[in-house]
Amino acid sequence: MTNRVMTRHRKVHVKSFGCQMNVYDSHRMADTLAPSGYAETARPEDADLVILNTCHIREKAADKVYSEIGRIRVIKEEAARAGRRMVIAVAGCVAQAEGEEIVRRAQAVDIVVGSQNYFRLPEMIARAERGEKVVDTDFPVEDKFDALVPPQRETIAQRGISAFVTVQEGCDKFCTFCVVPYTRGAEVSRPVAKIVAEVERLANAGVREVTLIGQNVNAYHGPGEDGEASTLGNLLRRLARVPGIARLRYTTSHPNDMDEDLVAAHGDLPALMPYVHLPVQSGSDRMLAAMNRKHTRGTYLGVIARLRQARPDLAFTSDFIVGFPGETEADFRDTLALVEQVGFAGAYTFAYSPRPGTPAAELDDQVPPEVKTERLHRLQALIARQQRDFNAGFKGRTVDLLLEKPGRLPGQLLGRTPYLQTVQVMAPRSRIGEVVSVTVTGIGTNTLFGAIDENAGAAALAAAGA
Ligand code: SAH
Ligand code: SF4
Ligand code: F3S
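Quantities reported herein were computed from a predicted structural model and do not represent experimental measurements.

Focus on the nonpolar core
Within the largest apolar cluster, 52 residues are counted, with the highest numbers of intra-cluster contacts made by Leu 212 and Tyr 250. Per-element accounting of this core gives the leading share, six residues, to helix H10 (residues 192–204). In contact with Leu 212, not counting residues within four places along its chain, are Val 165, Val 167, Val 217, Leu 232, Leu 235, Leu 236, Leu 239, Arg 249, Tyr 250 and Thr 251. One finds Ala 47, Ile 69, Val 94 and Val 109 within the second-largest nonpolar core, a separate group that totals 23 residues.

Looking at the packing of aromatic side chains
Tallied over the full model, the rule gives nine aromatic pairs. Relative to Tyr 419, the ring of Phe 390 lies with its centre 5.4 Å away and its plane at 80°, an arrangement referred to as edge-to-face. Remark: Tyr 419 occurs in the loop between strand E16 (412–416) and strand E17 (422–426) and Phe 390 occurs in helix H16 (residues 369–392); sequence separation between them is 29 residues. Between Arg 58 and the ring centre of Phe 350, over which it is positioned, the NZ or CZ distance is 3.6 Å. Across from the ring centre of Tyr 66, 3.5 Å away, lies the NZ or CZ of Arg 105, which sits over that ring.

With respect to the sheet that holds strand E13 (residues 315–322)
Strand order across the open sheet formed by three strands is E12-E13-E14, with parallel pairing between neighbours. Each edge of the sheet is formed by a strand with only one pairing partner; in this case those strands are strand E12 (275–277) and strand E14 (346–351). For this sheet the average axis-to-axis angle between neighbouring strands, irrespective of direction, equals 10°.

Some thoughts on helix H3 (residues 59–81)
Between its terminal C-alpha atoms H3 stretches 34 Å, which fits the 33 Å expected from 23 residues at 1.5 Å a residue. Residues of H3 that are buried: Ala 61, Ala 62, Val 65, Tyr 66, Glu 68, Ile 69, Ile 72, Ile 75, Lys 76 and Ala 79. Packed against the buried residues of H3 are strand E1 (10–16), strand E3 (49–54), strand E4 (87–91), helix H4 (92–98) and helix H5 (100–105). Following H3 by one or two positions, Gly 83 adopts a phi angle in the positive range, close to 85°.

What to know about the domain arrangement of the protein chain
Per the domain assignment, the segments of the protein chain are domain 1 (10–136), domain 2 (144–392) and domain 3 (398–465). Contacts between the two partners involve 25 residues from domain 1 and, on the opposite side, 29 residues from domain 2. Summed over both sides, the interface between domain 1 and domain 2 buries roughly 2,500 Å², with carbon and sulfur atoms accounting for 58% of that surface. Looking at the side of domain 1 facing domain 2, the largest losses of area belong to Met 21, Tyr 24 and Arg 28, adding up to 28% of the total buried there.

Points about the sheet that holds strand E11 (residues 247–251)
What the three strands build is an open sheet, ordered E7-E10-E11; its pairing is parallel. The open sheet is flanked by strand E7 (162–166) and E11, the only strands paired with a single partner. When the angles between neighbouring strand axes are averaged without regard to direction, this sheet yields 25°. Bridge analysis of strand E10 (residues 209–213) against E11 gives five bridges, and the strand direction is parallel. When the bridges of E11 are listed, Glu 209 appears paired with Arg 247. Contacts from helix H2 (residues 20–33) reach E7 and E10 within the one sheet, and its direction differs from that of E7 by about 95°.

Notes on the packing of helix H11 (residues 232–239) against helix H12 (residues 260–268)
Between two packed helices, the angle of one axis relative to the other and the distance separating the axes together describe the packing. Packing of H11 against H12 leaves a shortest axis separation of 7 Å and a crossing angle of 30°. It follows from the interaxial angle that H11 and H12 lie roughly parallel. Residues Leu 232, Gly 233, Asn 234, Leu 236 and Arg 237 of H11 lie in contact with H12, whose contacting residues are Asp 261, Leu 262, Ala 264, Ala 265 and Asp 268. Of the residues that constitute the contact of H11 with H12, the class distribution is five nonpolar, two polar and three charged.

Focus: the site of ligand 1
Taken together, 15 residues form the shell around ligand 1, and within it Arg 58, Gln 215, Gln 281, Asp 319 and Ser 353 come nearest. Contact distances for ligand 1 include 3.0 Å between a nitrogen atom and a backbone N or O atom of Phe 177. Within the backbone of Ser 353, one N or O atom sits 2.8 Å away from a nitrogen atom of ligand 1. Compared with its free state, where it exposes 530 Å², ligand 1 has 89% of that area covered by protein.

A short note on the site of ligand 3
If you check the shell around ligand 3, you find Cys 19, Asn 22, Thr 54, Cys 55, His 56, Ile 57, Cys 93, Arg 184 and Gln 215 and nothing else. Taken together, the residues of the shell around ligand 3 sort by class into four nonpolar, four polar and one charged.

Rules used in this analysis
Residues numbered from 1 in each chain as written. Chains lettered and ligands numbered in written order. Predicted model: local features only at pLDDT ≥ 70, side-chain atom pairs only at ≥ 80, totals over all residues. Heavy atoms only, no water. Core = buried A, V, L, I, M, F, W, Y, C linked by side-chain atoms within 4.5 Å. Buried < 20%, exposed > 50% of the residue type's maximum accessible area, 1.4 Å probe, protein only. Helix = DSSP H or I, 4+ residues; strand = E, 2+ residues; numbered from the N terminus. Contact = heavy atoms within 4.5 Å. Phe/Tyr/Trp six-rings, centres within 6.5 Å; stacked < 30°, edge-to-face > 60°. Lys NZ or Arg CZ within 6 Å of the ring centre and 35° of its normal. Pairing = 2+ DSSP bridges. Axes fitted to C-alpha atoms, helices over the stretch in contact; angles between N-to-C directions. Expected span 1.5 Å × (residues − 1). Domains from an automatic or database assignment. Buried area = accessible area lost by both parts, 1.4 Å probe. Parallel < 35°, antiparallel > 145°, perpendicular 65-115°, else oblique. Nonpolar A, V, L, I, M, F, W, Y, C, P; charged D, E, K, R; others polar. Near = heavy atom within 4 Å. Polar contact = N/O pair within 3.5 Å; in protein donor to acceptor, adjacent residues only side chain to side chain. Areas by Shrake-Rupley, 256 points an atom, 1.4 Å probe, with all protein chains shown as cover.

The following block contains the structure:
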């Protein structure tokens, strides 16, 4: 790094699309650019560098990128008229999937950077500023995470008391509808010691909750502190011992990787929240086979049962795809029946979107769009009802709440229950980061209302100054 770069103060605007992996990567890109003099800005108009961290999972997600580039191009042209050069970089899964095609299709783009190459950004920006078009979508041998710069203490604090930490990346499962194995590459797990160090740094800066993320987070098998391959269960046990960490979560899991150790961890780790996102995609064995999910309806239900046995208050969310090629009304009803049987606290539902290069996109018996839409609405109605029932069940109950941030009203804080429900309570800002006991007094559409139960502990009473 040259002195010239060190002394310049510039601004970067990073916009994330898609999953939590991208949110994490966006933070790490901003952190990696900080030593080159870049401060983050929420306004693209103020930025010298705009990074669009893109998602390729469904057609709509990928299309969004080009409309966003169009919007930023206008800002770039205005900047140029004012004599200021703006660099536009496209990162993430569309960058990985489309590469050079992006600079051909959208002339305003200067840099296309795949998800494994973010550590090279400072050098790529220098080249782009000299007028080069830079495209880098290799899968390099360097460890992506080692090469990225960790966040400053103040930056961690600004980002709040709940943080994501990527522990594994990539996927070897090749579900026939999915682009992830192509855009993120083969499954790679980070070493336990590196993850522990990252979580300790976060905890020292005030983080109280960590969500471990990965496309297949429970396939985690990184080298442990003893050199042996660790499991996600082991990793969670280790992280539960990091001082300051009150809550642990992980996402997204695959049903086939839900091993005994992880199930047991749910039974005996109080810090591990009883809320699991476990995508099933369909309730029809015929569809699951065509999707290459390698699990059946029965094995999925078996996993749910094992988890509930270990931790009876566990709640589940899931992902569903309707209208996969060849899906009949009977197949779809199998999905509805599975939802009825499990009872979800919520779910993401998607109409199947054919993705270039994936096997399912080549199948003949594509489901007509209006049928997909109709099934999507029926499934969404059922899940919305389950979600309402789940939340309504909390009225009058006492729950633990992690106080996260100020609410809209003065004197109000927003916190999260173990099930990620938002609860509004009256409490001073000084209590952000505390886990308090709350009685739920009301149920709104998107939030619950509660009152802190000050009798729950003498310490809480003293802290409230009551
Ligand atoms: N690794 C995770 C998440 C993958 S992407 C998993 O295995 O579950 C998140 C969700 O997007 C998937 O669970 C799936 O429901 C949905 N999805 C992926 N590809 C899709 C496609 N081509 N069309 C519609 N939905 C899709
Ligand atoms: Fe995609 Fe399937 Fe891998 Fe999930 S498990 S990322 S849905 S290929
Ligand atoms: Fe999208 Fe890539 Fe995540 S395709 S869902 S941003 S892994």
